[in-house]
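What follows is the residue order along each chain.
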Amino acid sequence: MRVAPSPALPQQTAAEQVRSVLARAVSLSLTLDGESYDLLGAHTVGARGRITLHPPADTPLADHLADHLARLPLGAPDVRLDLTDIAPTALRDRVRARVALTGRLAPAAPGAPAVPGAPGPLRLDLARVVLRTHAGATEVAPGAYALASPDPLALEEAALLSHLADAHADLVGDLVVLAGARLPHGVVRTLPLAMDQHAVSLRCEYGEGHCDLRLLFPGPARDAAEAGDMVRRLLTAPRCGHHHDHS
């Protein structure tokens, strides 16, 4: 007898995941001509996901970029930006996703006078976007990336998860119970892993290995206050009404 498959749980698209990673990232790695540079607080993300770099003046990277930009238009440098999305809680394996964006850099304000030692703001003309998670690699079309929006909880997620782990460990334990018999025995520790407008995810660790449990909210959360309310509603809703997934 065949069992009808469960309906897909609401979740972020790959493009929305990329936009969410970018929204909360404060650092990235830039690779140019085979050399990598770590940048902290040196990028902004504008409308439609437009990325602008603000390279620090009088650095090896600034000199490297200035050399390319002096040869525009042929000198427009091809670069790759790499970002790593790390869980804010003390998990055994904290890397949740990696994002790679490739494209060409060009002056954000064409015609602006050059400043010695400072290439000025540079926009990334995006050519390729790749998202890598535990489920594998997904290529995101630049058009889909531009049309997507970050999750509404992206900027507040770290504070929400840290508060849940530090101040409400009892609630985390209660949430694990919602998995019932579907969760294998032998869990030694459970911590919040992720949260988006649709669900909260928990990392259940064993002596060796782990599994991730995603608990769907009763409804979408538009901000931190609603996210807290949705967690409480998860614990008080009828048990048969819960939807969850684990991997």
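Further up the page is the structure itself.
Structure report, in brief. (Residues numbered from 1 in each chain as written. Predicted model: local features only at pLDDT ≥ 70, side-chain atom pairs only at ≥ 80, totals over all residues. Heavy atoms only, no water.)

### Description of the side chain of Thr31
And step 1. Within the secondary structure layout, Thr31 lies in strand β1 (residues 27-32).
And step 2. Apart from residues lying up to four places away in sequence, Thr31 is in contact with Ser36, Asp78, Val79, Arg80 and Asp82. (Helix = DSSP H or I, 4+ residues; strand = E, 2+ residues; numbered from the N terminus. Contact = heavy atoms within 4.5 Å.)

### Focus: unusual backbone geometry
And step 1. Even without being a glycine, Asp33 presents a positive backbone phi close to 55 degrees.
And step 2. Locating Asp33 in the fold gives a position in the loop between β1 and β2 (35-40).
And step 3. The phi dihedral of Arg48 is positive, around 60 degrees, even though this residue is not glycine.
And step 4. Within the fold, Arg48 resides in the loop between β3 (43-45) and β4 (51-53).

### Focus on the packing of aromatic side chains
And step 1. Throughout the structure, instances matching the rule amount to zero aromatic pairs.
And step 2. Between Arg19 and the ring centre of Tyr145, over which it is positioned, the NZ or CZ distance is 5.5 Å. (Phe/Tyr/Trp six-rings, centres within 6.5 Å; stacked < 30°, edge-to-face > 60°. Lys NZ or Arg CZ within 6 Å of the ring centre and 35° of its normal.)

### Focus on the packing of helix α5 (residues 169-177) against helix α6 (residues 224-236)
And step 1. Here α5 crosses α6 at 50 degrees, and the two axes come no closer than 10 Å. The angle between α5 and α6 falls in the class oblique. The interaxial crossing formed by α5 with α6 has left-handed handedness. Along the contact surface, α5 presents Leu171, Asp174 and Leu175, while α6 presents Val231, Leu234 and Leu235.
And step 2. When the residues that make up the contact of α5 with α6 are grouped by side-chain class, the tally is five nonpolar, no polar and one charged. (Axes fitted to C-alpha atoms, helices over the stretch in contact; angles between N-to-C directions. Parallel < 35°, antiparallel > 145°, perpendicular 65-115°, else oblique. Left-handed = near helix turned anticlockwise from the far one by under 90°. Nonpolar A, V, L, I, M, F, W, Y, C, P; charged D, E, K, R; others polar.)

### Points about the pairing of strand β7 (residues 122-133)
And step 1. Note that β4 and β7 share two bridges and pair antiparallel. Looking at β7, one finds that Leu53 is bridged to Leu122.
And step 2. Both strand β6 (residues 95-107) and β7 contribute to a ladder of 10 bridges, which runs antiparallel. Bridge assignment links Ala100 to a residue of β7, and that residue is Val130.
And step 3. Relative to strand β8 (residues 136-140), β7 runs antiparallel, the two sharing five bridges. (Pairing = 2+ DSSP bridges.)

### Considering helix α2 (residues 60-69)
And step 1. Along α2, the residues classified as buried are Leu61, Ala62, His64, Leu65, His68 and Leu69. Projected down its long axis, α2 shows its buried positions confined to an angular sector of 160 degrees, all on one face.
And step 2. Against β1, β2, β6 and β7 lie the buried residues of α2. (Buried < 20%, exposed > 50% of the residue type's maximum accessible area, 1.4 Å probe, protein only. Arc of directions from axis to C-beta.)

### So, the pattern of salt bridges
Side chains that differ in charge, positive against negative, can pair when their charged atoms come close.
And step 1. The tally for this structure, following the rule as stated, stands at 13 salt bridges.
And step 2. A salt bridge links Arg222 to Glu226; the nearest nitrogen and oxygen atoms lie 2.5 Å apart.
And step 3. Among the residues examined, Arg222 registers a relative accessible area of 62% and is labelled exposed.
And step 4. Within the structure, one salt-bridge network assembled from shared partners comprises Arg24, Asp85, Arg96 and Glu157. (Salt bridge = Lys/Arg side-chain N within 4 Å of Asp/Glu carboxyl O.)

### With respect to α6
And step 1. Spanning 13 residues, α6 covers 19 Å between terminal C-alpha atoms, matching the ideal 18 Å at 1.5 Å per step.
And step 2. Among the residues of α6, those classed as buried are Ala227, Met230, Val231 and Leu234. The arc enclosing the buried residues of α6, seen along the axis, measures out at 100 degrees, which places them on a common side. Turned more than 90 degrees from where α6 packs its buried face, Ala225, Arg232 and Thr236 sit exposed.
And step 3. Next to the buried residues of α6 lie α4 (157-167), α5, β9 (189-195), β10 (199-205) and β11 (210-216).
And step 4. For α6, the capping residue at the N-terminal end is Asp223, with a side-chain oxygen 3.2 Å from the backbone nitrogen of Ala225. (Expected span 1.5 Å × (residues − 1). Polar contact = N/O pair within 3.5 Å; in protein donor to acceptor, adjacent residues only side chain to side chain.)

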